[in-house]
Structures are given as C-alpha cells and as structure tokens.
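Structural overview for review
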Amino acid sequence: SAVISQKPSRDICQRGTSLTIQCQVDSQVTMMFWYRQQPGQSLTLIATANQGSEATYESGFVIDKFPISRPNLTFSTLTVSNMSPEDSSIYLCSVEFGRPNYGYTFGSGTRLTVV
Amino acid sequence: GENVEQHPSTLSVQEGDSAVIKCTYSDSASNYFPWYKQELGKRPQLIIDIRSNVGEKKDQRIAVTLNKTAKHFSLHITETQPEDSAVYFCAASMVRGSARQLTFGSGTQLTVLP
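Notes on the structure in this doc start here. (Residues numbered from 1 in each chain as written. Chains lettered and ligands numbered in written order. Predicted model: local features only at pLDDT ≥ 70, side-chain atom pairs only at ≥ 80, totals over all residues. Heavy atoms only, no water.)

A few points about the interface of chain A and chain B
Taken together, the contact pairs 22 residues of chain A with 19 residues of chain B. Where chain A packs against chain B, one counts one salt bridge. Measuring nitrogen to oxygen at the nearest pair gives 2.6 Å for the salt bridge that ties A:Glu96 to B:Arg100. There are 10 residue pairs in polar contact (both at pLDDT 80 or more) connecting chain A and chain B. Those elements giving two or more residues to the side of chain A that touches chain B turn out to be β4 (31–37), β5 (43–50), β9 (89–97) and β10 (103–106) of chain A. With four residues, β4(A) is the largest single contributor of residues to the side of chain A that touches chain B. (Contact = heavy atoms within 4.5 Å. Salt bridge = Lys/Arg side-chain N within 4 Å of Asp/Glu carboxyl O. Polar contact = N/O pair within 3.5 Å; in protein donor to acceptor, adjacent residues only side chain to side chain. Helix = DSSP H or I, 4+ residues; strand = E, 2+ residues; numbered from the N terminus.)

The structure is reproduced here in structure tokens:
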C-alpha cells in the first residue's frame, strides 16, 4: 500500500488565522481525499482532490473555507481558513491505492485545536 | 448518496469471547467494504476488507461477511484480546462522478475486559 507523510501532526492556532496541512505520498496516486474527524466522531469527507483539476467538495464544505491544492500526483495540501473553535478536529488525508484490487490508506492525521 | 449505519456504538466483551459489529448500507452500487481499527490518537488502520463478489473473508481471528441482497456486512472477532480494544469503523465504497469514495459508519467502541 501507499505510505503517506502528513504534517503537522498537531497545532494550536488562534481564531481567525489559517493553517495549511500537507500530505506527501510515496507513490503516484490519482485521487487524494481529505477527511475531518471531530472528537469522538466518525470520518466525514471534506473533498476529493484530483491532480490538475479543482477539488470536489462535499455538502457542507466550501472552497473558501477549505482550499485544497494538488500540484502533482504525490502531494496535496488542505488549508483551514479563518479558523474558529468549531474547526478543532483531526484532519486526515487518504489515498486510493492498488490495481485492480484497490484499497484506501490514511495519513497520520493533524490534530487541530483553535483557541 | 451512500448511507452507512453501524451498530452497536459500544460493545464490551470478556477476553476470549467473540465480538460482532454490524453495518448496513443504502446504495446497491457499493462494491467494496473495508473495516478500520482506530486506536486512540492514531490513524485508522485497515484490518480486513471484502468486495461484492464474495460473501465471506477470514484472516486469522477476524472475519467479515457480506449479504448483498440485504445490504449488510458484519465484522467478527474471535478469541478477543485486550489489544483488540479500539474504535472500529465500517465503510462502503461506491463510484461517485469520476472517483470512488468511502462513506464511513459511525463507529463502535470495543472494550475487551481482561
């Protein structure tokens, strides 16, 4: 499976600021996914990022709040903009790997606390 | 879109007993069903998965069953050990637009009592 390096692992940020999370994959992947996991909750898909095109956002998530970059097949960033305490969560990137039997693996996550 | 329901939300078993977690999904187009284990502060780790062309898969103490007609799948852990204690998530994958996407269940907190 693919190996993902995600950073930062955690951060404490002031409200109103922005944080950019990075994910680097050790192989080329077509799709990268960004999830949010609120405390004690399941994983919610924020957006799907395909290299060379704009990310596709799920209902309830907008590009102005969560801009995503996907400059190449091994890298993506998610920015959490104009943060409020409600944005305190774990953010995870994920990739699909393998052909023809595909699977999904996750980065180690970014634990964000907004104060 | 896909909707995945997972039960129970918490499960306590005695060490050595079996644990069963059940999930249902709504979209018959879903064709891949992974199970993830998430320990506190860690990333979700894939423990077993099943595709829609098989009904059962086993890996040592862990097994997954799939009933496509009823649209439900289950995780079975036998001879549970304290290190099995974690949150378990089921998920279903389906094609949406140009991408396959995972939809997760709400999770089950499994506690194995020594």
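The rest of the description comes next.
A closer look at the sheet that holds strand β1 (residues 4–7) of chain B
Adjacent strands of a sheet pair through backbone hydrogen bonds, lying either parallel or antiparallel. Residues and elements named next belong to chain B. With respect to topology, five strands assemble into an open sheet ordered β1-β3-β8-β7-β6, the strand pairing being antiparallel. The two strands at the open ends of the sheet, each matched to only one other strand, are β1 and β6 (56–59). Here the strands of the sheet are splayed against their neighbours by 15 degrees on average, with no regard to which way each runs. Bridge count between β6 and strand β7 (residues 62–67): four bridges; the pairing is antiparallel. Its bridge partner being in β7, Lys 58 is matched across the sheet by Ala 63. (Pairing = 2+ DSSP bridges. Axes fitted to C-alpha atoms, helices over the stretch in contact; angles between N-to-C directions.)

Focus on the environment of A:Gly98
When you line up the elements, A:Gly98 lands in the loop between β9 and β10. Once the C-alpha coordinates of A:Gly98 and A:Ala2 are considered, the two residues, 96 residues apart in sequence, prove to be 8.4 Å apart.

Examining the pattern of salt bridges
Residues and elements named next belong to chain B. By the definition in use, this model includes five salt bridges over all chains. We note a salt bridge from Asp 49 to Arg 51, for which the minimum N-O separation is 3.9 Å. Judged by its relative accessible area of 11%, Asp 49 falls in the buried class. Between Asp 49 and Lys 57 there is a salt bridge, with its nearest N and O atoms 2.8 Å apart. Salt bridges sharing common partners tie together Asp 49, Arg 51 and Lys 57. (Buried < 20%, exposed > 50% of the residue type's maximum accessible area, 1.4 Å probe, protein only.)

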